[in-house]
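Now for the letters of each chain:
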Amino acid sequence: MPRSLPGEWLVRRAAKGHAFTRLRLGRQRLVYLLGAEANALIFGHDEWFSAREAFAALGVVDGPTSVVLSDGEDHARRRGLIRPAVAPRRIDGYLATMAGAADEGLDQLDRAGPFDAYAVFRRAIRRSTLRVLFGDDMARPADELGETLQPLLDLADTPPQLLAWHRRLRTPSWKRAEPARAAINAFVDDRIQREREQPGHGAGDQAASGAVLPLLVHGRNGNGSGLSDQAIRDQAITMIAAGYETTSAAMGWAVYLLGAYPDWQRQVHDEVTSVLDERAPEPADLARLPLLRAVIHEALRLYPPAMISARAAIASFDHQGHRIRPGDLVIFSPYATHRDPTLYEDPLRFDPQRWLDEPRRSPNEFVPFGGGKHRCLGSGLAIAELTVMLCRLLTRGPFTLIRPPVRARGLASMRPDPAVIIAWSA
């Protein structure tokens, strides 16, 4: 089973009882806090930390007003204005868009030959994400936009403690990211302006299609306050980057695991075809697919979207006899948490049954989307997209894993490297 080399270092540290590790990188003081107890402390004391300071260098990717880079009242206000766009009832309206994007990608494949499932679904999820945001017609340049975004996504996958160096030294990666950000700004600004000038009457009638952008443009809180154009743009770009990069990585791992464990694949295939036959899932179907949901949870446990995440300490506090000071960059690891044998029996075993036996876990033990006030707003959207796209794959028949990925690569988006090659079974 492919593993993350940096993640395995953290797993070994935790296994040896080193739940606290202090390192230095130049002037930056790094503190690694590992395990469910550390997660509980970080998630439960938002006032001790700053996400903005931890991810300041990500401003070139997500923008300075992104909810990811916000703290305190700003974070709560922006989160409240975004939440309606990813509410369960809104997600129900996106299922057909997700299924359509998956079918477009799968219809182009040669049934007789192998293909890279990670690449196919990465493109499909990119199209789906843009259509959900902007509506069908306004998202037509999905592949071109993906190429524009790639320098930003590459930079976003840099360890938080190194991003500042890229910015200060203006490395080639940073220089490639700046024009990419300008191009994506122009694309989103154009869509915002169209929506302001003709609410609900943009190409493809966004209001009727249930696109997210009109909700961001016209959304208001209880005081009648909404998001500025810059904030709308930053949230939209954050949703594009996180929405398709992390979800496509999770999809790649789910396909790999089903291919690597054909007995589980047969069981899930039987469940999906029994419920759906060959049609796309509708909202009421999602609750009728418990084994598929268990597979998704197990894939997220073994390969969480982010191997590590971080917060910048802005207050002093103690943890297990160690003092954390303002200015420390506190790093926690979903990857290490999910492979802790004190939390999960035989943690390296792919076993969806554990989620059927115990469907709910402590929010400090299962953290694929982070936790606390900064838990990813798009988690429900990601789970729905993984469910729909796996359904569209499985209804076309069983498949065989031809070549597995060699390693798990990346920190902010842990993806299968270099590919997940599968073929339809005879």
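Rules used in this analysis
- Residues numbered from 1 in each chain as written.
- Predicted model: local features only at pLDDT ≥ 70, side-chain atom pairs only at ≥ 80, totals over all residues.
- Heavy atoms only, no water.
- Helix = DSSP H or I, 4+ residues; strand = E, 2+ residues; numbered from the N terminus.
- Rg over C-alpha atoms; globule rule 2.2 N^0.38 Å.
- Contact = heavy atoms within 4.5 Å.
- Areas by Shrake-Rupley, 256 points an atom, 1.4 Å probe, with all protein chains shown as cover.
- pLDDT = per-residue confidence, 0-100.
- Pairing = 2+ DSSP bridges.
- Axes fitted to C-alpha atoms, helices over the stretch in contact; angles between N-to-C directions.
- Salt bridge = Lys/Arg side-chain N within 4 Å of Asp/Glu carboxyl O.
- Buried < 20%, exposed > 50% of the residue type's maximum accessible area, 1.4 Å probe, protein only.
- Phe/Tyr/Trp six-rings, centres within 6.5 Å; stacked < 30°, edge-to-face > 60°.
- Lys NZ or Arg CZ within 6 Å of the ring centre and 35° of its normal.
- Arc of directions from axis to C-beta.
- Parallel < 35°, antiparallel > 145°, perpendicular 65-115°, else oblique.
- Left-handed = near helix turned anticlockwise from the far one by under 90°.
- Nonpolar A, V, L, I, M, F, W, Y, C, P; charged D, E, K, R; others polar.

### Digging into the overall build of the protein
So, step 1. Of the regular secondary structure elements, the protein holds 19 helices and 12 strands.
So, step 2. In terms of overall dimensions, the protein is globule-like: its C-alpha atoms have a radius of gyration of 21 Å, near the 22 Å expected for 426 residues.
So, step 3. If one aligns the C-alpha atoms of the protein with their principal axes, the spans along those axes are about 60 × 55 × 45 Å.
So, step 4. Long-range contacts, defined as pairs at least 24 residues apart, comprise 72% of the intrachain contacts of the protein with a sequence gap of at least 6.
So, step 5. Roughly 17,900 Å² of accessible area belongs to the protein as shown, and the carbon and sulfur atoms make up 50% of that amount.

### Brief notes about the confidence of the model for the protein
So, step 1. In this model, the protein carries an average pLDDT of 90, and 95% of its residues clear a pLDDT of 70 or more.
So, step 2. Every residue in residues 202-209 is under pLDDT 50, and counting partners more than four places away or in other chains gives 14 contacts.

### Remarks on the sheet that holds strand 3 (residues 49-50)
So, step 1. Spatial ordering of the open sheet is given by 1-2-8-5-3, a layout of five strands whose pairing is mixed. Each edge of the sheet is formed by a strand with only one pairing partner; in this case those strands are strand 1 (20-25) and strand 3.
So, step 2. By the bridge criterion, four bridges tie strand 5 (residues 309-313) to strand 8 (residues 329-332) in an arrangement that is antiparallel. When the sheet's bridge partners are listed, A312 is paired in strand 8 with L329.
So, step 3. Sheet strands in contact with helix 2 (residues 36-44) are strand 2 (28-33), strand 3, strand 5 and strand 8, and its direction is about 130° off that of strand 8.

### Some points on the pattern of salt bridges
So, step 1. According to the stated counting rule, one finds 28 salt bridges in the structure shown.
So, step 2. In this structure, the salt-bridge partner of R396 is D103, at a minimum N-O distance of 3.3 Å. Highlighted residues: R396 in the loop between helix 19 (379-394) and strand 9 (399-403) and D103 in helix 7 (residues 95-107), separated in sequence by 293 residues.
So, step 3. The buried category is assigned to D103, whose relative accessible area is 17%.

### With respect to the pairing of strand 8
So, step 1. Here strand 8 shows no split at all, with L329 and I331 on one side and V330 and F332 on the other all buried.
So, step 2. Taken together, the three bridges between strand 2 and strand 8 define a ladder with parallel strand orientation. Of the residues in strand 8, the one forming a bridge with L30 is L329.

### With respect to unusual backbone geometry
So, step 1. Cis geometry marks the peptide bond from D417 to P418, where omega comes out at 0°.
So, step 2. Here the phi dihedral of D277 falls at roughly 60°; this positive angle occurs in a residue that is not glycine.
So, step 3. Tracing the backbone shows D277 in the loop between helix 15 (262-276) and helix 16 (290-302).
So, step 4. D277 gets classed as exposed once you look at its relative accessible area, which sits at 55%.

### Topic: the sheet that holds strand 9
So, step 1. Read from one edge to the other, the open sheet built from three strands follows the order 4-12-9, with strand pairing classed as antiparallel. Looking at the sheet topology across the chains shown, the edges are occupied by strand 4 (115-116) and strand 9.
So, step 2. Sheet topology note: the strand 9/strand 12 (residues 421-424) ladder contains four bridges and is antiparallel. Bridged to T400 within strand 12 is A423.

### Things to note about the packing of aromatic side chains
So, step 1. Considering all chains together, one arrives at 11 aromatic pairs under this definition.
So, step 2. Ring plane angle 20° and centroid distance 4.7 Å describe the contact between W48 and F317, whose orientation is recorded as stacked. One end of the pair, W48, is in the loop between helix 2 and strand 3; the other, F317, is in strand 6 (residues 317-319), with 269 residues separating them in the sequence.
So, step 3. A residue is classified by how much of its surface remains accessible, and F317, at 4% relative accessible area, is buried.
So, step 4. Aromatic ring contacts, followed pair by pair, group W48, F49 and F317 into a single cluster.
So, step 5. Here the basic side chain of R111 rests over the ring of W424, its NZ or CZ set 4.4 Å away from the ring centre.
So, step 6. Over the ring of Y344 we find R301, and its NZ or CZ is 5.2 Å from the ring centre.

### Points about helix 5 (residues 72-82)
So, step 1. Turning to helix 5, its buried residues are H75, R78, R79, L81 and I82. The buried residues of helix 5 all sit within an arc of 165° when viewed along its axis, so they share a single face.
So, step 2. Against the buried residues of helix 5 lie helix 3 (51-54), helix 13 (213-218) and helix 14 (229-260).

### Some thoughts on the packing of helix 8 (residues 117-134) against helix 14
So, step 1. Two numbers describe how helix 8 lies on helix 14: the axes approach to 8 Å, and their chain directions differ by 150°. By the angle class used here, helix 8 and helix 14 are roughly antiparallel. Handedness of the crossing formed by helix 8 with helix 14: right-handed. Across the interface between the two elements, A117, Y118, F121, R122, I125, R126, T129, L130, L133 and F134 of helix 8 pack against A236, M239, I240, G243, Y244, E245, T247, S248, A249, M251, G252 and V255 of helix 14.
So, step 2. Looking at side-chain class alone, the contact of helix 8 with helix 14 contains 14 nonpolar, five polar and three charged residues.

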